[in-house]
Amino acid sequence: MDINKVHKELIDSQGRRKYFSLLDPVLLKNPVKINANSIKKKQKILFVMPNFHWIDEDVNALWDLIPWNLCQIAAVIYDICSEVKIIDAYKDNLSREELGKQIQNYKPDIVGLTVLMDQYAEAAPIVTKIVKDISKDIITVLGGVYAMANPKRAMRDKNLDYVIIGEGEYVFNELVGFYSGACDLPKRGICFRKNGTGELENRGHAEFIKDLDALPKPAYHLIDFLSYYDHRYDRKSVDRPIAYPYARTITSRGCPEKCSFCQVPALMGSFFRARSPDHICDEIEWLRDTYGIKSLLFDDDNLLTNIKRAKELFRKIITRGLKMPWTLGTAAVFRMDTEMVDLMIDSGCEYINIAIEAGSKRMTKDIVLKPVDFDHAKKMVAYAQKKGLFVSGNFIIGFPTETWAEIRKTINFAEEINVDYVKLFIAIPLRNTEMYDLAEKTDSLIMDTYDADTMWSVGGLIKSKHWTADDLTILRAYEWDRINFSDPKKLKKIADRMEISVDELNSIRRRTLKNAKKAIVSRQDTSVTKAADISLVK
């Protein structure tokens, strides 16, 4: 098979990825404004973060989720509503009965909820049923990555009235305006059932918001902000904040890169849109002065994409006296140079995570489609570490068509580049990505990814004549352990970064290896049983 030909079919004549092109992408330049005088009845709005503990007790699968997106949408609609409230059932660990009681007492007109990913999908119907059991008249709306990527699947829930497809601020604003009697339904960005029929009307992906500076600051006054940010993670990670209380911020949307495994272009688009450096600094100053934050987490996928803007931002942080410790979870190493690293450090950066993905040229160039120069990456890592940054790195094994020799090259490069901490993942072919299409075309799929949970650590979705899912599960676990923890000094450095003892880190290591063995056992038939950490065949 000619891999280049396969990928060529997935990139259009303008260099845009197939799944971005399918969105019929348009930039939103002039959002619909709701005239307050035209509102016939202001709506009472409730936003709900479902309790994901209802469906998943796996400590490795549950995350520290902050309802930033709900606060952002709430800020946009606040002035046209009679009241806006946010209930975070996940943070408060509410039972279904407790959530139902709060909803009943509040008596909302519209309930908006968010689900981050497929893994949590089952939580949405639980909430919509609770709502409709209280009153069939309450309008239910679902947003988030899961709904955006799977609107048809989400609308199988008969208690769900609308799915928001795309960026929700202005779409939800129009939806509220419609039920307030002030405007029509949004022309794009929603999926719903036509009146009197079960037929779905999908109005396509929302227009992409061009001017991010026009969006108001998130309505953090609707949540107990500091209760999210003034304590350490339950999840032990090198990505932790440096100081508390901290805050998360996102400075851009969309991604112009073409990484084949990534869903971002099909969700947030390939139009790279960025907030101005002064707008970002205004938010940092507000967070510091209002909430007393002492560190930042930049949640951008593409903080460094526009090199000129990134450097200007770091300079502004310095000149405006806003320097504080900050971390970056996704740093594009191919956008970095020594000046960039110096400015990052001078503005407070203490940790970055770079994404290398693969360690062979064929995988990087022809399969992953990522513009990584291995020599440049090694130089940037060495320079950043010399300047005092803690650097972690992402690596992925088990791509479609990848050979065992190429997997070993990735493992070898993960060791050679000598980052402070290696994150090693197993490829997951997500729908609406070129990697999923490639897996289909090469007959590499084992199962539909709709049925996949957080399988990045154990695999089991891609097959090959060169290796099995079990091979990858064991290799990933043991090489992650070997590369990161063979050197006692490195082991101690990682433990210190996680703010845990070496004994606690060793416990995490043992659990990781144990989970790998459990995953293999779970793939076997009923003749295989578990005994402690090993499997026994009857």
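Here the residue numbering is sequential within each chain, running from 1 through the sequence in written order. With pLDDT at 70 or above as the cut-off, local features in this predicted model cover only qualifying residues; side-chain atom pairs require 80 or more to be listed or tallied, and sums for whole chains, interfaces and linings still use all residues. Neither water nor hydrogens contribute to the side-chain values; these are computed over all heavy atoms in the structure.

Points about helix 18 (residues 469–485)
Point 1. Runs of H or I in DSSP of at least four residues are treated as helices and runs of E of at least two as strands, each being numbered from the N terminus. Helix span is expected to be 1.5 Å times the residue number reduced by one. Taking 1.5 Å per residue, 17 residues should reach 24 Å; helix 18 reaches 24 Å between its end C-alpha atoms and fits that length.
Point 2. The cut-offs for exposure are 20% and 50% of the maximum accessible area for each residue type, with area from a 1.4 Å probe on protein chains only; residues under the lower value are buried, those over the upper are exposed, and the others partly exposed. Counting buried positions over the 17 residues of helix 18 gives 12, a clear majority of the element.
Point 3. Of all the positions in helix 18, only Ala469, Leu472, Thr473, Leu475, Arg476, Ala477, Glu479, Trp480, Asp481, Ile483, Asn484 and Phe485 are classed as buried.
Point 4. Two residues qualify as a contact provided that any one of their heavy atoms is within 4.5 Å of a heavy atom in the partner residue. The secondary structure elements touched by the buried residues of helix 18 are strand 16 (390–397), helix 16 (404–416), strand 17 (421–426), helix 19 (488–498) and helix 20 (502–523).

With respect to the state of the cysteines
Point 1. Disulfides are defined as cysteine sulfur pairs within 2.5 Å. Taken as a whole and judged by the stated rule, the model has 0 disulfides.
Point 2. With no disulfide of its own, Cys183 has Cys81 as its nearest cysteine by sulfur position, at a separation of 12 Å.
Point 3. In this structure Cys281 is not part of a disulfide, and its nearest cysteine sulfur, from Cys349, lies 15 Å away.

Observations regarding the packing of aromatic side chains
To describe a pair of aromatic rings, one takes the distance between the centres and the angle between the planes.
Point 1. To pair, rings of Phe, Tyr and Trp, with the six-membered ring standing in for Trp, must have centres within 6.5 Å; the planes then decide the type, stacked if under 30 degrees apart, edge-to-face if over 60, and tilted in the middle. Here the structure, examined in full by the defined rule, presents 23 aromatic pairs.
Point 2. Centroid distance Tyr220 to Tyr291: 6.4 Å. Interplanar angle 75°. Geometry classified as edge-to-face. Remark: Tyr291 occurs in helix 11 (residues 277–291) and Tyr220 occurs in the loop between strand 9 (208–209) and helix 9 (225–229); sequence separation between them is 71 residues.
Point 3. Note on Tyr291: relative accessible area 17%, which makes it buried.
Point 4. Between Tyr229 and Tyr246, the ring centres sit 4.9 Å apart and the planes meet at 85°, which makes this aromatic pair edge-to-face.

Here's the deal with the packing of helix 19 against helix 20
Point 1. Across the interface, helix 19 lies against helix 20 with an axial gap of 9 Å and an inter-helix angle of 95°. Classified by the angle between their axes, helix 19 and helix 20 sit roughly perpendicular to one another. Facing Leu491, Lys492, Ile494, Ala495 and Met498 of helix 19, the residues of helix 20 in contact are Val502, Leu505, Asn506 and Arg509.
Point 2. Here the term charged refers only to Asp, Glu, Lys and Arg, the term nonpolar to Ala, Val, Leu, Ile, Met, Phe, Trp, Tyr, Cys and Pro, and the term polar to all other amino acids, Gly among them. Looking at the contact of helix 19 with helix 20, its residues break down into 6 nonpolar, 1 polar and 2 charged. Axes here refer to lines fitted to C-alpha atoms; in helices the fit is confined to the stretch in contact. Angles between the N-to-C directions go from 0 to 180 degrees. Any angle that falls under 35 degrees is termed roughly parallel, while one over 145 is termed roughly antiparallel, one within 65 to 115 roughly perpendicular, and all others oblique.

Brief notes about the packing of helix 16 against helix 18
Point 1. Where helix 16 meets helix 18, the axes come as close as 11 Å, and the angle between the chain directions of the two elements is 20°. If you check the angle between helix 16 and helix 18, you find them roughly parallel. Crossing handedness for the pair helix 16 and helix 18: right-handed. Listed contacts from helix 18 to Trp404, Ile407, Arg408, Ile411, Ala414 and Glu415 of helix 16 are Asp471, Leu472, Leu475, Glu479, Arg482 and Ile483.
Point 2. Residues belonging to the contact of helix 16 with helix 18 are distributed by class as follows: 7 nonpolar, no polar and 5 charged. With the far helix as reference, a near helix turned anticlockwise by less than a right angle produces a left-handed crossing, and one turned clockwise produces a right-handed crossing.

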